[in-house]
Amino acid sequence: MSMVIICEKPDVMRKVAMALGLNKKGEKEHYYTNKDESIYSTSVRGHFLTLLMPDEYKYGENTKEKDSWVIDTLPIVPEKFEKKVIEDSNAKSKLKTIISLCKKCDTIVNCGDADREGQIIVDEILEKYGFLNNSKKQIKRLWLPAQTEEDIRDGVANLLDNKAYTNLSKEGIAREYLDWLYGINITRLMTLKKGRLLNSGRLIIPIVKYIYDRDMAIKNFIPVPYFIVKSTKNGVNLITKEKWKTKEESIKQMEELNKIGKAVVKDIKEKEFKPQPKKLFSLNTLQQTLSKQGYKADRVLELAQSLYDKGLTTYPRTSSEYLKESEKDNCKKYINAHQNRAGKPLKFKDSKNIFDNSKVKAEKSEKNSESADTSHSAITPTFKISGIDSLTKDEKIVYEVICKRFYANFCEEETIIAKKEMIINVGDYEFKINGQAIKQEGYYFFEKESGDVMLPNLQIGNEFDILFVTEEKKTTPPPKVSIIELFNWFLKPFKKVDLEKLAKETDEEEKENEVVDETVESDDEDYKLMLQGIQIGTEATRAETVKKCVNTGYITETVKKKSITYNITDIGIDFIETLDMLNINLYTEKTIEFSKLMKKVFDNDLALDEIVKLSKNELIEIIENAKKVEVTKMENKNEREVFGKLTCCGDLPIYKGEKNGKVYFSSFNQEKPFILFQETKLFGTPVKISESNVKKLLKGEGVTFKLKSKAGKDYEGIVSITGVNGKDEQYAGSPKFSLAFPSNK
């Protein structure tokens, strides 16, 4: 018996090889094997196959060319979707090796990442080359929620039949088809109507719309004045609950209180409160937390993925903040492994706030009862602690944030807070001042959520003078959409945002008196809806889609030390308003409908050809309605003068652009992305590239720059562009630079 394990990434291939003792390297290091060549570990590198573009399909002699951008050819719906190998020589070489090993071995193991995308990355290769349903081959699945050597060996010893993941694969294919159908057709429709390239997509549209709606609310906001009455005499802040519309009303209240002249401490109540730590991290909440340190969502995912690949943390693309009940023993191992590095004793807790199956995996339908469990628990550290010292600075920051949340949940010592409430009367008018003192640190050692809040130094029965005054204030507009709010909306898209509440003025005095809130909202309904597919995008796609919205110029990101916010651009405004004019409603409700359709495919309630038929009918209606609407043409950025041509990409046209005062050079081409900012970093050194030097770089010529080494030493380097990160690669569109040194140096 022989077996080949096909991993999604080379790093995982090497890890599997190490765990199984496969020390013999194959040709070009495309695989590892053992002495008797009975087990092979090989890998792809992301998708080696991609759906054909419209111009690559054969439509017959009597059919108009579908690659021509003419509205009468829309909608473009292939009779049968087909895939081809991506244009990458390394991918083709690796694929040749994989096919050879699959032919040679009796058992083929899909070891794509433990998610929907990982499933289809390997399945699509097995299907295209006739292995997936080959009765002479055993097709198995190696599902790795964690990538320690022990997890890998356990997984290989307990392989599942790949057919148990068929519905997950079908759901992934449904997502591919929907993205292709709506992305291709709506992009072409919008572009043809507006006269400039307007990239559209199933997820791009609702995200841009959400930010558009907020910025319009801010733009149209009219401040409303109001008045408060307060006294700060003797260092005691007393603020009335009421807010008056007119100054006269507030003066009346002020005079009534000042007539009384004195305040008296009526009562001081005290009670102990034991707050609970925040739930373990999902990818969403990890991204929100790290945004406060200036990390963008796609960067957090990249770092979390790296930690998972190193075996230090569990699978990152999870939407749950809970662990499965079957993971209690593993959790105990993790606690024991981290006991000495935590800094405070940890203790296993069998708590429903931590372990809850109902908030990790959805119930299976009758038609889907045979499928494997594909759910993922919250992100935690694993029992592996070797290799922490070799992490990069950013990896260490993310790792420690994950660890501290885990430690907080299993901290042996309870957190105890003494809460105090001072009741002060001015006549019959009652004021309440809240305070607190931390009596026992507990999990605050790891994640401190608040501190001591002192009450005035007064006792029951004490009297003191007062002097109330009126103060004019104005209502404030709702804030810009932050990464925290946006990513909360992804999970709870139908939870209405109370703009008045967001706009409500928060006085500095009230901030000073802020104490821990004892109320704990149930998340039962949120998880019930989420597991039914009622959410925008997935953990795997959200960060990348937000990045696409920025790269297309529809929105911008503002990164500050403790927050990241989003702003609509002029192009983004025109994009949404054109969608509205054309009656193309692909906003929140429609996006949720797409998610439900994909869930139906997973549950075997809907076939792939049915989802294509539904999409085709809807696209026909959208396009026919749009034909009747006249739309003012927009300036076509791509019609401007070509700045230069990128030689390494087949003389790809490059255009000069400007956004927020920053000059950049871009292809404005979603399929062949390229972007170079005039002010950038070359090998760690900030530089401003002159236009003449940009043209030289585009031609593939070397340009000499004065650079600085990590040690701070100045040197001259010859920089040239040798390639570009493709649309499916990390940092899509970024140039690949090479560095050489002058011969006389």
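Computed from a prediction, not measured in an experiment: that's the story for all the values here.

Below, the discussion takes up the confidence of the model for the protein. Of all residues in the protein, 90% have pLDDT values of 70 or greater, and the mean over the chain is 86. Within the protein, helix H11 (residues 393–409) carries the highest mean pLDDT (96), whereas helix H14 (residues 508–512) carries the lowest (38). Note on residues 60–64: pLDDT under 50 across the span, and two contacts to partners over four residues away in sequence or across chains. The low-confidence segment residues 503–513 (pLDDT under 50) makes 22 contacts with residues lying over four places distant or belonging to another chain.

Before going further, it helps to examine the environment of Val453. Position of Val453 among the secondary structure elements: in the loop between strand E14 (429–440) and strand E15 (463–465). Expressed as a C-alpha distance, the spacing of Val453 and Ala437, which sit 16 residues apart in the sequence, is 6.5 Å.

What the three strands build is an open sheet, ordered E11-E10-E16; its pairing is antiparallel. Each end of this open sheet is capped by a strand with a single partner; those strands are strand E11 (238–239) and strand E16 (468–474). As defined by bridge partners, strand E10 (residues 225–231) adjoins E11 across two bridges and the pair is classed as antiparallel. Counted as the bridge partner of Lys230 is Ile239 from E11. Where helix H7 (residues 247–260) meets the sheet, its contacts fall on E10 and E16, and the angle it forms with E16 comes to roughly 155 degrees.

This part is about the pattern of salt bridges. Scanning all chains against the criterion turns up 44 salt bridges. A salt bridge links Asp179 to Arg202; the shortest N-O distance between them is 2.6 Å. Of this pair, Asp179 sits in helix H5 (residues 166–194) while Arg202 sits in the loop between H5 and helix H6 (204–219), placing them 23 residues apart in sequence. For Asp179, a relative accessible area of 26% puts it in the partly exposed group. Between Asp465 and Lys262 there is a salt bridge whose closest N-O contact spans 2.6 Å.

Another aspect to go through is the environment of Tyr444. Here Tyr444 shows up in the loop between E14 and E15. Judged by relative accessible area, which is 3%, Tyr444 ranks as buried. For Tyr444 and Pro277, which are 167 residues apart along the polypeptide, the C-alpha to C-alpha distance reads 8.3 Å.

Before going further, it helps to examine the sheet that holds strand E19 (residues 563–568). Reading across the sheet, the three strands line up as E17-E19-E18 and stay open at both edges, with antiparallel pairing between neighbours. Lying at the two open borders of the sheet, with one neighbouring strand each, are strand E17 (481–482) and strand E18 (555–560). Across two bridges, the pairing between E17 and E19 is antiparallel. Looking at the pairing, Val481 lines up with Tyr566 of E19.

Let us look at the nonpolar core. In this structure, Ile186, Leu486, Tyr566, Phe575 and Ile584 are the most contacted members of the largest nonpolar core, which totals 70 residues. Put simply, the parts of the chain that give this core at least two residues each are H5, H6, helix H12 (483–491), helix H16 (542–551), E19, helix H17 (570–581), helix H18 (588–602) and helix H19 (608–627). If you tally residues by element for this core, the top one is H5, at eleven residues. Sequence-distant contacts of Phe575, defined by excluding residues within four places in its chain, comprise Met190, Leu198, Asn199, Ser200, Ile204, Ile205, Val208 and Tyr554. In this structure, Leu307, Cys403, Phe406 and Tyr444 belong to the second largest nonpolar core, which totals 38 residues.

Look at the link from Leu74 to Pro75: it is a cis peptide, with omega at 0 degrees. Along the polypeptide, Pro75 turns up in the loop between strand E5 (49–51) and strand E6 (83–85). At Phe683, a position not held by glycine, the phi torsion is positive, near 50 degrees. Mapped onto the fold, Phe683 is located in the loop between strand E24 (679–682) and strand E25 (685–688).

On to the packing of helix H1 (residues 10–20) against helix H4 (residues 149–157). With their axes 9 Å apart at the nearest point, H1 and H4 run at an angle of 80 degrees to one another. Judged by the inter-axis angle, H1 sits roughly perpendicular to H4. Together, Lys15, Val16, Met18, Ala19 and Leu20 of H1 and Glu149, Ile152, Arg153 and Val156 of H4 make up the contact between the two elements. Counted by class, the contact of H1 with H4 contains six nonpolar, no polar and three charged residues.

Attention now goes to the pairing of strand E8 (residues 138–141). As paired elements, strand E7 (residues 107–111) and E8 share four bridges and run parallel to each other. When the sheet's bridge partners are listed, Thr107 is paired in E8 with Gln138. Chirality of the crossover, the property in question, places the unit of E7, helix H3 (residues 116–128) and E8 among those that are right-handed.

Here we take up the environment of Val629. Within the fold, Val629 resides in the loop between H19 and strand E20 (644–646). Overall, the relative accessible area of 18% leaves Val629 in the buried class. Distance in space between the C-alpha atoms of Val629 and Asn583 is 9.1 Å, their sequence separation being 46 residues. Here Val629 is in contact with Lys193, Met581 and Leu582, once residues within four sequence places are set aside.

Attention now goes to the packing of H6 against H17. Interaxial distance between H6 and H17 falls to 10 Å at its minimum, and their mutual angle equals 110 degrees. With respect to H17, the axis of H6 lies roughly perpendicular. Taken together, the residues of H17 that come into contact with H6 (itself represented by Ile204, Ile205, Val208, Lys209, Tyr212 and Met216) are Gly572, Ile573, Phe575, Ile576, Glu577, Leu579 and Asp580. A class-by-class count of the residues in the contact of H6 with H17 yields nine nonpolar, one polar and three charged.

Checked against the element boundaries, Ser282 lands in the loop between strand E12 (262–273) and helix H8 (283–291). Judged by its relative accessible area of 1%, Ser282 falls in the buried class. When near neighbours in sequence (up to four residues on either side) are disregarded, Ser282 contacts Thr318, Ser319, Ser320, Glu321 and Ile379.

So, how was this worked out
- Residues numbered from 1 in each chain as written.
- Predicted model: local features only at pLDDT ≥ 70, side-chain atom pairs only at ≥ 80, totals over all residues.
- Heavy atoms only, no water.
- pLDDT = per-residue confidence, 0-100.
- Helix = DSSP H or I, 4+ residues; strand = E, 2+ residues; numbered from the N terminus.
- Contact = heavy atoms within 4.5 Å.
- Pairing = 2+ DSSP bridges.
- Axes fitted to C-alpha atoms, helices over the stretch in contact; angles between N-to-C directions.
- Salt bridge = Lys/Arg side-chain N within 4 Å of Asp/Glu carboxyl O.
- Buried < 20%, exposed > 50% of the residue type's maximum accessible area, 1.4 Å probe, protein only.
- Core = buried A, V, L, I, M, F, W, Y, C linked by side-chain atoms within 4.5 Å.
- Parallel < 35°, antiparallel > 145°, perpendicular 65-115°, else oblique.
- Nonpolar A, V, L, I, M, F, W, Y, C, P; charged D, E, K, R; others polar.
- Right-handed = clockwise from strand over helix to strand, strands pointing away.

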